[in-house]
Amino acid sequence: MNYPKKPNYSKSLINKAGDTLRSQQVDSPEYKKALKIVNIWRKSHVYPMQTFNVTLRRKAKAMYSDAIVARRLKRLQTIIDKISNRQGHMALSRMQDIGGVRVIMKDVDQVYKMKGIYTKPGAFTHKLKSFKDYINTPQESGYRGIHLIFEFYNSRSRNKDGRCWDGLKIEMQIRTELQHAWATGIEIVSMMRGENLKAGQGNKEWLSLFQCISSIIALIEGQSTLLQHQGMYSRDLFEQTTKLADRLQAEHKILAWVAMMYGTNKIQTQKRQSFFYAILALDIKQKKMRIYGYGENDLMQATQKLEELERNSPEQQPVLAAAGNIKSLYKAYPNYLLDAGLLLKLIRYTEEVQKNSLMDNNDELLKRLRQIYKENKKLT
């Protein structure tokens, strides 16, 4: 396959193009010229991303047959938002997650085993540039997971062009199934409310609810709760979560949003149900989701379609992903396909324990919640 090669751009040219997208009108000649440069730069991450995906899939499946592995190319609008952050402009050349891969493992032990495989000295040819443990030190929002940033270094390539991608950065995210359910839920609510809850921006009660759910997940997984919940009895945490969920009508609203976007509107796809690349285009205003599927040799057509959608229909929030087929896409990108099942079940389990249990012992309350989760996990 002919993957887009890394262009011979200087950092100053890449940064200037990013600054132009951030500051110029979309119909200006400067913007269009900069957009072409940024898209070429962005597409050059596909080969390193694919290389990481192949090895990650093999390693993950050997450990956990139900592991979900997927990759995604960062959306153009997300890139623009990130380099336009109010806390200070980021230079586009320094962005480390344009190309990303994600693996969803069974539990925390498997997450750390996978992390160990990729951080063991001498075991991996690509260069580890940074490592963030958001499980031991979760973000303020409650987000948990492991993030690794690698610099691509294709020293084993026998292809004469194989080294042209050296130096590109790829982000690897490793999460448990419950951590992924949390991330799914907060993205759904953020998307429907037009707020960036994961960044701590938006309605305080929704933020508090997701912080409570994060701490409950931590208890189930044997990890520390968020700082504001440390020292709190399980019963009190469950009660606070239930009250917030009831006051916000969280379950009802999330179900309604899912029904609006998915249940009452069939996802439109091309005839191909099994494919290598997919563009997920979510249009909130039109209440529709469209999936454009492409074969392994159709990367050029896929990227051209992505650019067309970003140019003509930015409100659809198109993203280029790859997870093999429709079934895998449902599992790996539920925030775009709006499957909040596991998160909603977790809220129900918490309410069941809090409202129906006569137990006062906090250890027994937590044990019951873990038992309910374990018993129902196969139904999610």
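This part takes up helix α2 (residues 29–43). The end-to-end C-alpha separation of α2 is 21 Å, in line with the 21 Å expected for 15 residues at 1.5 Å each. Every buried residue of α2 is listed here: Y31, A34, L35, I37, V38, N39, W41, R42 and K43. Buried residues along α2 sit against α1 (11–23), α3 (46–63), β1 (68–73), α4 (76–83) and α10 (299–312).

This next bit is on the packing of aromatic side chains. Where two aromatic rings form a pair, the distance of their centres and the angle of their planes describe that pair. Under the criterion given, the structure shown has 13 aromatic pairs. Ring centres of Y134 and Y143 lie 5.9 Å apart, and the angle between their planes is 70°; on these two criteria the pair is classed as edge-to-face. Assessed through its relative accessible area of 14%, Y134 is described here as buried. Connected via pairs of aromatic rings, a cluster forms that spans Y3, Y47, F52, Y118, F124, F150, F152 and W165. When the ring centre of Y118 is taken as origin, the NZ or CZ atom of K59, which lies over that ring, is 5.9 Å away. The aromatic ring of Y153 is capped on one face by K127, whose charged end is 4.5 Å from the ring centroid.

Another aspect to go through is α3. Here α3 spans 26 Å end to end across 18 residues, near enough to the 26 Å set by a 1.5 Å rise per residue. Regarding α3, the residues found buried are V46, Y47, P48, M49, Q50, F52, N53, T55, L56 and A60.

On to the pattern of salt bridges, then. As enumerated under the stated definition, the model contains 12 salt bridges in all. Put simply, R193 and E195 hold a salt bridge, and the shortest N to O gap is 2.9 Å.

Attention now goes to the confidence of the model for the protein chain. Per-residue confidence for the protein chain gives a mean pLDDT of 83, with 84% of residues at or over 70. Mean pLDDT in the protein chain bottoms out at strand β6 (residues 268–269), which sits at 48, and peaks at strand β4 (residues 146–151), which reaches 97. Counted against residues more than four places away or in other chains, residues 263–272, with its pLDDT under 50, gives 22 contacts.

The rules behind the values
Per chain, residue numbering runs from 1 following the sequence as it is written. Given that the model is predicted, a residue must reach a pLDDT of at least 70 before its local features are reported, and side-chain atom pairs must reach 80 or more before they are shown or counted; all residues, however, enter totals for whole chains, interfaces and linings. The basis for the side-chain values is all heavy atoms of the structure; hydrogens and waters are excluded. In DSSP terms, a helix is any run of H or I states spanning at least four residues, a strand is any run of E spanning at least two, and both are numbered starting from the N terminus. Expected helix span is taken as 1.5 Å per residue step, with the number of steps being one fewer than the number of residues. For every residue, the accessible area obtained with a 1.4 Å probe (protein chains only) is divided by the maximum for its type, and the residue is called buried under 20%, exposed over 50%, and partly exposed between those limits. Contacts between residues were defined by any pair of non-hydrogen atoms, one from each residue, lying within 4.5 Å. Note on ring pairs: Phe, Tyr and Trp rings are taken, using the six-membered ring of Trp, and paired if centres are within 6.5 Å. Classes follow the plane angle, with under 30 degrees stacked, over 60 edge-to-face and the rest tilted. For a ring to carry a charge above it, either NZ of a lysine or CZ of an arginine must fall within 6 Å of the ring centroid while also lying within 35 degrees of the normal to the ring plane. The salt bridge criterion pairs a side-chain nitrogen of Lys or Arg with a carboxyl oxygen of Asp or Glu, the two atoms within 4 Å. Looking at any residue, its pLDDT shows the predictor's confidence there, from 0 to 100.

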